[in-house]
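So you can see what is in the structure, the chains are spelled out below.
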Protein chains: 2
Amino acid sequence: MNATFSLNPSLEADSVPVTTLSLCDVRLMMDASYPWLILVPRLPDAIEIIDLDPETRHQLIDEIAQVSHALRESTGAEKMNVAALGNQVAQLHIHVIARFRNDPAWPGPVWGAADRKAYGPDERDRLIDLLVGRLG
Amino acid sequence: MNATFSLNPSLEADSVPVTTLSLCDVRLMMDASYPWLILVPRLPDAIEIIDLDPETRHQLIDEIAQVSHALRESTGAEKMNVAALGNQVAQLHIHVIARFRNDPAWPGPVWGAADRKAYGPDERDRLIDLLVGRLG
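Residues numbered from 1 in each chain as written. Chains lettered and ligands numbered in written order. Predicted model: local features only at pLDDT ≥ 70, side-chain atom pairs only at ≥ 80, totals over all residues. Heavy atoms only, no water.

**A short note on the nonpolar core**
Core analysis: the biggest nonpolar cluster contains 66 residues, and Leu60 and Ile94 of chain A together with Ile94 of chain B have the highest contact counts within it. Beyond its immediate sequence surroundings of up to four residues, Leu60 of chain A is in contact with Leu23, Cys24, Pro41, Ile49, Leu52 and Ile94 of chain A together with Ile61 of chain B. (Core = buried A, V, L, I, M, F, W, Y, C linked by side-chain atoms within 4.5 Å. Buried < 20%, exposed > 50% of the residue type's maximum accessible area, 1.4 Å probe, protein only. Contact = heavy atoms within 4.5 Å.)

**Brief notes about the interface of chain B and chain A**
Counting from both sides, the interface comprises 29 residues of chain B and, opposite them, 30 residues of chain A. In total, about 2,900 Å² of surface goes out of reach between chain B and chain A, with carbon and sulfur atoms giving 58% of it. Between Glu48 of chain B and Lys79 of chain A there is a salt bridge; the shortest N-O distance is 2.9 Å. For the interface between chain B and chain A, the tally reads 18 residue pairs in polar contact (both at pLDDT 80 or more). Put simply, the parts of the chain that give the side of chain B that touches chain A at least two residues each are α2 (54-75) and β4 (79-84) of chain B. The greatest single-element share of the side of chain B that touches chain A, amounting to eight residues, is contributed by α2 of chain B. (Buried area = accessible area lost by both parts, 1.4 Å probe. Salt bridge = Lys/Arg side-chain N within 4 Å of Asp/Glu carboxyl O. Polar contact = N/O pair within 3.5 Å; in protein donor to acceptor, adjacent residues only side chain to side chain. Helix = DSSP H or I, 4+ residues; strand = E, 2+ residues; numbered from the N terminus.)

**Considering the relation of the copies chain B and chain A**
Related by rotation about an axis and a shift along that axis, the two copies of the chain form a pair. Of the two same-sequence chains, chain B is brought onto chain A (RMSD 0.0 Å, axial shift 0.0 Å) by a rotation of 180 degrees. Given the turn and translation reported, the copies of this chain are related as if by a two-fold rotation axis. Proximity to the rotation axis, assessed at the C-alpha, singles out Ala83 of chain B in chain B; its C-alpha lies 2.0 Å from the axis. The overlap is high: 100% of the interface residues of chain B also sit at the interface in chain A, so the same surface is used on both sides. (Least-squares fit on C-alpha atoms with pLDDT ≥ 70 in both.)

**Some details on the pattern of salt bridges**
Residue and element names in this part refer to chain B. Per the stated rule, a full pass over the model turns up 16 salt bridges over all chains. Notably, a salt bridge pairs Arg42 with Asp25, separated by 2.9 Å at the nearest N-O pair. You can see Arg42 sitting in the loop between β3 (36-41) and α2 and its partner Asp25 sitting in strand β2 (residues 24-29), a full 17 residues away along the chain. Exposure remark for Arg42: the relative accessible area of 29% places this residue in the partly exposed category. Overall, the relative accessible area of 16% leaves Asp25 in the buried class. Ionic pairing is found between Arg99 and Asp103, a salt bridge with its closest N-O pair at 2.7 Å. The class of Asp103 is buried, set by a relative accessible area of 8%.

**So, the packing of aromatic side chains**
Residues and elements named next belong to chain A. Going through the model one piece at a time under the given rule, you end up with four aromatic pairs over all chains. Look at Trp36 and Trp111: their rings are 6.5 Å apart centre to centre, the planes differ by 90 degrees, and that puts the pair in the edge-to-face class. Within this pair, whereas Trp36 is found in strand β3 (residues 36-41), its partner Trp111 is found in the loop between β5 (94-99) and α3 (121-135), the two being separated by 75 residues in sequence. Both residues of the pair, Trp36 and Trp111, count as buried. (Phe/Tyr/Trp six-rings, centres within 6.5 Å; stacked < 30°, edge-to-face > 60°.)

**Observations concerning the sheet that holds strand β5 (residues 94-99) of chain B**
The strand order β1(A)-β2(A)-β3(A)-β5(A)-β4(A)-β4(B)-β5(B)-β3(B)-β2(B)-β1(B) describes an open sheet built from ten strands, whose pairing is antiparallel. Of all strands in the sheet, those with a lone pairing partner are β1 (15-20) of chain A together with β1 (15-20) of chain B, marking the two edges. The mean angle between the axes of side-by-side strands here comes to 25 degrees, regardless of whether they run parallel or antiparallel. Across five bridges, the pairing between β1 of chain B and β2 of chain B is antiparallel. The residue of β2 of chain B that forms the bridge with Thr20 of chain B is Asp25 of chain B. Sitting on the sheet, α2 of chain B touches β2, β3, β4 and β5 of chain B, and the angle it makes with β5 of chain B is about 25 degrees. Packed on one face of the sheet, helix α3 (residues 121-135) of chain B meets β1, β2 and β3 of chain B and runs near 20 degrees to β1 of chain B. (Pairing = 2+ DSSP bridges. Axes fitted to C-alpha atoms, helices over the stretch in contact; angles between N-to-C directions.)

Now the structure itself:
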């Protein structure tokens, strides 16, 4: 086991920081096709949800709920998708994605569904500001 | 709000019962491509994880962990996938899927990746027996 947490380089390259909660770093995926956050628990070597002790699991789902509320309120999402997959990047990270009936993957899942779309800088900063306003 | 819970007919048609936990019905998806369970909280009108109060959310993640352990131990899974999507069937249900590097969707997500494969009756019953032995 490593003693300290460090963010996986691939997650770091694909996302930008939004805020830091008690357990998780919250980051925005750089894909304007969907308002898409990831939560990364700052725990060295965590891969599966079942690697967390029960108290930490409760904290995780509380932060998933907090982020889901903030993302839904910031975007008017019609459905929230929440997932811990980690088939490509093992470091535990939870996707919280705002879905719309007119998004490019609907009703399928987002992974691999469409080419990544760049955010305009203003669009991205506006979304991050809204989220930070709700998440602190 | 409806007063009573009833399982969505589409979830019912796609899966068979495994066991009943305090909060959730646990069911096996009828797709032998992946050992694939769903947890369905017996709560009328729940659609999103954030529809649950904090205590019920904690119960949910405890049951997700319990089912994940049982499924991993029963199958030797190399990775667990956990997801609440609900874009096609709104009733809240959580997928817990045992993944293998040689499964037909790896490393992508399972939804829509491959044609459904039928279980042999013995194969299905053997897996359910293993799961029930671990879940009670």
